[in-house]
Amino acid sequence: MSILINLKSKFKNKLFANSVWGVVSNIIQNVLFSIFFVIIARIYSKEDFGHYVIANTLYSFMLGFSSLGLGHWFIREIINNENKTTLTNKFFKVQLLIGILFYVINLIVSYLLYDNQMIRTLSVIIGINIIFDNIINVIKSLNIAYQEQQKTFLLLTIEALLKFLVGCLLLIYKLDMILLSVILIGLRLITLNLFIKMGSSNSIGLKEIIKVKIDWDEIKKIVLSNWSFIIISSLSIVNWRIGNILVSKILTIQDVANYEIAFKFFSLAYLIPIIVTSSLYPMLINAFKESPEKLKSLYNKAYLPLCIYGFLSFTFVYAFADFLVPFVFGKSYNDTALYCKQMFYVMLIFPSIFLQANVILTLKLEKFDMICNIASVLVNVGICIIGFQFNKSLTVVNVAIFSSFFVFHLIQDAILIKHKITNIKHVMLFYILTSMSIGLYILTDRYLNSGLNFVIFWGIILIVGISQFKKIKVAYSTH
């Protein structure tokens with residue numbers, strides 16, 4: 001009983017505090033980032049906007065590889081390692097060197113894939129973010145390990161504010177896209193310095209990073225011993241960004257813009273599960289140290305709320321995308337609402353995928369998580385290649401993405417069932433209830449106004465949920 005009380009206390013206090021910090025700051029950040037994104041989409045031509053999106057897509061694609069997927073490894077090691085300073089300094093040095101390497105690779109890829117000079121030039125400038133992000137991600141991982149995410153959230157909010165101010169400047173004076181990219185890199189440099197000084201409690205600086213002695217053999221040893229983390233991290237990015245790259249090569253520049261806008265809405269929605277599961281990861285590690293039962297209990301506590309959130313996100317977008325997308329981005333993006341709805345089917349399983357991935361990493365089953373990622377990417381690319389032969393539209397990409405993550409989730413379920421974290425009944429209940437709920441929601445949407453349907457549907461769920469909670473509370477108190 002004392003273990004359960006302690007678990008409940010930690011779950012409520014640490015997870016709640018870090019998640020609140022994360023949610024509040026990320027709402028602020030993404031409101032500011034989204035306003036900037038909307039301004040860019042409205043002010044610049046679709047062609048210039050499309051070129052900007054492609055350059056950012058290449059940078060994001062390379063970023064997934066450049067960190068070598070060692071963030072989860074570092075969090076786990078820093079918690080268990082006594083010599084934390086040496087480990088941190090070495091990890092900084094590794095990330096800095098690898099960041100430079102992947103910046104060069106980003107330039108080569110951009111020149112090989114695209115003949116457009118604007119895309120190449122933007123890639124040269126925007127790609128510098130790879131180096132900056134590698135260093136920033138080390139401090140983010142430190143803050144997660146020490147449960148001090150408020151530092152990360154504060155600094156990212158400052159960065160968002162600076163970017164928002166640049167957006168406001170564009171409303172007054174339209175800058176050349178190249179000059180705009182240079183200014184944005186300058187802002188990232190400011191953010192980098194703030195992260196090094198404030199995010200690490202002023203305990204590390206660039207001079208300290210450079211002075212750390214580490215040879216390529218040591219880098220090779222770290223990378224080879226954690227190759228599964230590299231594949232996991234890189235493939236998760238590939239799963240999303242490969243779609244945009246294929247769209248840019250096969251479809252039109254308009255489709256590139258549509259995909260990016262739909263993904264922008266999606267990225268806002270999955271912030272909360274990312275924040276919650278990131279805050280939960282160190283707790284999962286500590287719970288597993290005590291007992292597998294404690295890990296299982298923590299997993300079950302987080303599972304249902306994440307699933308409910310995913311379903312809520314889907315139904316909200318399904319109800320209001322036709323109004324929101326053209327209202328925010330303009331009437332020229334009316335068709336984007338359909339693709340946004342299609343993409344949000346992924347939210348039905350995405351939040352629980354994050355949780356289950358962290359549990360698998362906690363169990364030190366990185367190779368199994370790697371298999372999930374490989375299978376997911378193969379399904380994604382396979383459906384895209386086959387689908388484009390019959391229908392050249394974004395619908396093919398969205399179907400491929402949903403199918404890939406569905407396969408991902410199924411493999412995760414099998415792994416967790418095998419290791420007795422969950423069971424077949426729990427898994428089947430999730431799929432049956434989700435399918436029935438979605439079918440019922442879409443059916444009622446045909447006969448009711450979309451907004452009214454959303455309110456009635458969730459009103460009924462809320463009433464049923466409160467009544468069931470009261471019954472459980474009464475039954476618990478009688479015992």
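Along each chain, the written sequence defines residue order, and numbers are assigned to residues from 1. Reporting in this predicted model follows two pLDDT cut-offs: at least 70 for local features of residues, and 80 or more for side-chain atom pairs to be given and counted; totals over whole chains, interfaces and linings ignore these cut-offs and use all residues. The basis for the side-chain values is all heavy atoms of the structure; hydrogens and waters are excluded.

1. Some words on the nonpolar core
Move 1: Remark: nonpolar core denotes a set of buried residues (Ala, Val, Leu, Ile, Met, Phe, Trp, Tyr, Cys) joined through side-chain atoms within 4.5 Å. Only protein chains enter the accessibility calculation, which uses a 1.4 Å probe; a residue whose area is less than 20% of its type maximum is buried, one above 50% is exposed, and one in between is partly exposed. Core analysis: the biggest nonpolar cluster contains 139 residues, and Leu 180, Trp 240, Phe 266 and Phe 344 have the highest contact counts within it.
Move 2: Comment: elements are numbered from the N terminus, with helices defined as DSSP H or I runs of at least four residues and strands as E runs of at least two. When residues in this core are grouped by element, the largest group, 16 residues, is from helix α14 (residues 292-329).

2. Details of a nonpolar patch on the surface
Move 1: Patch membership needs two things, relative accessible area over 30% and no salt bridge, and members are linked within 9 Å if like-charged or within 5 Å if nonpolar (Val, Leu, Ile, Met, Phe, Trp, Tyr). The Shrake-Rupley method, run with a 1.4 Å probe sphere, supplies the accessible areas, and residue values consider only the shown protein chains as cover. We define a salt bridge as a side-chain nitrogen of Lys or Arg found within 4 Å of a carboxyl oxygen belonging to Asp or Glu. On the surface, Leu 443, Tyr 447, Leu 448, Leu 452, Ile 456, Ile 460 and Val 464 cluster together into a nonpolar patch covering about 670 Å² of accessible area.
Move 2: Here the element with the most residues in the nonpolar patch is helix α20 (residues 450-478); it accounts for 4 residues.
Move 3: The topology assignment puts Ile 460 in helix α20.

3. Re the environment of His 51
Move 1: Mapped onto the elements of the fold, His 51 is located in helix α2 (residues 46-66).
Move 2: Judged by its relative accessible area of 8%, His 51 is buried.
Move 3: Through-space distance from the C-alpha of His 51 to that of Arg 120 is 9.3 Å; in sequence the pair is 69 residues apart.

4. Some details on the layout of surface pockets
Move 1: Cavity and pocket criteria rest on a 1 Å grid covering protein atoms alone: a 1.4 Å probe that fits but cannot get out defines a cavity, protein on both sides within 12 Å along at least 5 of 7 lines defines an open pocket, and an atom within 4 Å of a point defines a lining residue. Grid points are joined across faces, edges and corners, and a volume is the space filled by probe spheres set on the points. Here the second largest pocket defines a volume of roughly 590 Å³.
Move 2: What lines the second largest pocket is a set of 27 residues, and nearest its centre among them are Lys 264, Phe 265, Leu 268, Ala 269 and Phe 316.
Move 3: Taken together, the elements giving at least two residues each to the lining of the second largest pocket come down to α1 (2-43), α12 (253-269), α13 (271-290) and α14.
Move 4: Tallying contributions element by element places α14 first for the lining of the second largest pocket, with 10 residues.
Move 5: Residue composition of the lining of the second largest pocket, grouped by class: 22 nonpolar, 4 polar and 1 charged. Under the convention adopted here, Pro, Cys and the residues Ala, Val, Leu, Ile, Met, Phe, Trp and Tyr are nonpolar, Asp, Glu, Lys and Arg are charged, and Gly plus all remaining residues are polar.

5. Section: the side chain of Thr 434
Move 1: Topologically, Thr 434 is positioned in helix α19 (residues 424-445).
Move 2: For Thr 434, a relative accessible area of 19% translates into the label buried.

6. Re the pattern of salt bridges
Move 1: Enumeration over the complete set of coordinates arrives at 5 salt bridges.
Move 2: In this structure, Asp 133 and Arg 188 form a salt bridge, with 2.7 Å as the shortest nitrogen-oxygen distance. With Asp 133 in helix α6 (residues 129-145) and Arg 188 in helix α8 (residues 177-199), the pair connects residues that are 55 residues apart, well separated along the chain. For the pair formed by Asp 133 and Arg 188, the shared burial category is buried.
Move 3: Linking Lys 294 and Glu 290 is a salt bridge whose minimum nitrogen-to-oxygen distance equals 2.7 Å.
Move 4: Relative accessible area serves as the criterion here: at 4%, Lys 294 is assigned to the buried category.
Move 5: Overlapping salt bridges bring together Asp 133, Glu 159 and Arg 188 as one network.

7. Let's talk about the side chain of Gln 412
Move 1: Note on placement: Gln 412 falls in helix α18 (residues 394-418).
Move 2: Taking relative accessible area as the criterion, Gln 412 reaches 0% and is therefore assigned buried.
Move 3: Any two residues whose heavy atoms approach within 4.5 Å at even a single point are treated as in contact. Discounting residues that sit within four places of it in the chain, Gln 412 has contacts with Ser 352, Ile 353, Gln 356, Ala 357, Ile 360, Asp 369 and Cys 372.

8. Some details on the packing of helix α17 (residues 366-387) against α18
Move 1: Interaxial angles span 0 to 180 degrees and are taken between N-to-C directions of axes, which are lines fitted to C-alpha atoms, for helices over the stretch in contact. Interaxial distance between α17 and α18 falls to 8 Å at its minimum, and their mutual angle equals 155°. What the angle tells us is that α17 and α18 run roughly antiparallel. Handedness of the crossing formed by α17 with α18: right-handed.
Move 2: For the contact of α17 with α18, a count of residues per class yields 16 nonpolar, 7 polar and 1 charged. An angle below 35 degrees is read as roughly parallel, one above 145 as roughly antiparallel, one from 65 to 115 as roughly perpendicular, and any other as oblique. Each crossing gets its handedness from the near helix: less than a right angle anticlockwise from the far helix is left-handed, clockwise is right-handed.

9. Points about α14
Move 1: An ideal rise of 1.5 Å per residue puts 56 Å on 38 residues; α14 reaches only 48 Å between its terminal C-alpha atoms.
Move 2: Gly 330, located one to two residues past α14, shows a positive phi value of around 110°. Given the number of residues in a helix, its expected span is that number minus one, multiplied by 1.5 Å.

10. Re the packing of α2 against α12
Move 1: Interaxial distance between α2 and α12 falls to 9 Å at its minimum, and their mutual angle equals 60°. By the criterion of interaxial angle, the relationship of α2 to α12 is oblique. Where α2 crosses over α12, the handedness of that crossing is left-handed. Of the residues in α12, those in contact with Lys 46, Glu 47, Phe 49, Gly 50, His 51, Val 53, Ile 54 and Thr 57 of α2 are Ile 253, Gln 254, Val 256, Ala 257 and Glu 260.

11. Re helix α16 (residues 350-362)
Move 1: With 13 residues, α16 extends 19 Å between its outermost C-alpha atoms, agreeing within 8% with the 18 Å of an ideal straight helix rising 1.5 Å per residue.
Move 2: In terms of residue burial, α16 counts as a mostly covered element, since 12 of its 13 residues are buried.
Move 3: Looking only at α16, the buried set comprises Phe 350, Pro 351, Ser 352, Ile 353, Leu 355, Gln 356, Ala 357, Asn 358, Val 359, Ile 360, Leu 361 and Thr 362.
Move 4: One or two steps after α16, the chain reaches Lys 364, where phi turns positive at roughly 60°.

12. So, unusual backbone geometry
Move 1: Positive phi values are uncommon outside glycine, yet Lys 364 reaches one of about 60°.
Move 2: Inspection of the secondary structure puts Lys 364 in the loop between α16 and α17.
Move 3: Positioned with a positive phi, Lys 420 is a non-glycine residue whose angle comes to about 60°.
Move 4: Tracing the sequence through the fold places Lys 420 in the loop between α18 and α19.

13. Considering the environment of Thr 315
Move 1: Note that Thr 315 resides in helix α14.
Move 2: Sequence separation of Thr 315 and Phe 344 is 29 residues, and the distance between their C-alpha atoms is 8.7 Å.

14. Let's talk about the confidence of the model for the protein chain
Move 1: Looking at the protein chain, pLDDT values average 80 and 82% of them are 70 or higher.
Move 2: pLDDT runs from 0 to 100 and stands for how confident the predictor is about each residue. Low pLDDT, under 50, characterises residues 1-5; the stretch is placed with 3 contacts to residues that sit more than four places away or in other chains.
Move 3: For residues 473-477, every residue scores under 50 in pLDDT, and the model assigns this stretch 0 contacts once sequence neighbours within four places are set aside.

15. Focus: the packing of aromatic side chains
Move 1: When two rings of Phe, Tyr or Trp (its six-membered ring) have centres within 6.5 Å they constitute a pair, described as stacked for plane angles under 30 degrees, edge-to-face for angles over 60, and tilted for the intermediate range. Scanning the entire structure with this criterion turns up 27 aromatic pairs.
Move 2: Ring geometry for Phe 266 versus Phe 350: centroids 5.5 Å apart, planes at 65°, classification edge-to-face. Residue Phe 266 is located in helix α12, and its partner Phe 350 is located in helix α16; the two are separated by 84 residues in the primary sequence. When sorted by exposure, Phe 266 lands in the same class as Phe 350, which is buried.
Move 3: Ring centres 5.6 Å apart and planes at 70° place the aromatic pair Phe 320 and Phe 454 in the edge-to-face group. Of the two residues, Phe 320 is situated in helix α14 and Phe 454 in helix α20; the sequence distance between them amounts to 134 residues.
Move 4: Residue Phe 320 is classed as partly exposed on the basis of its relative accessible area, which comes to 23%.

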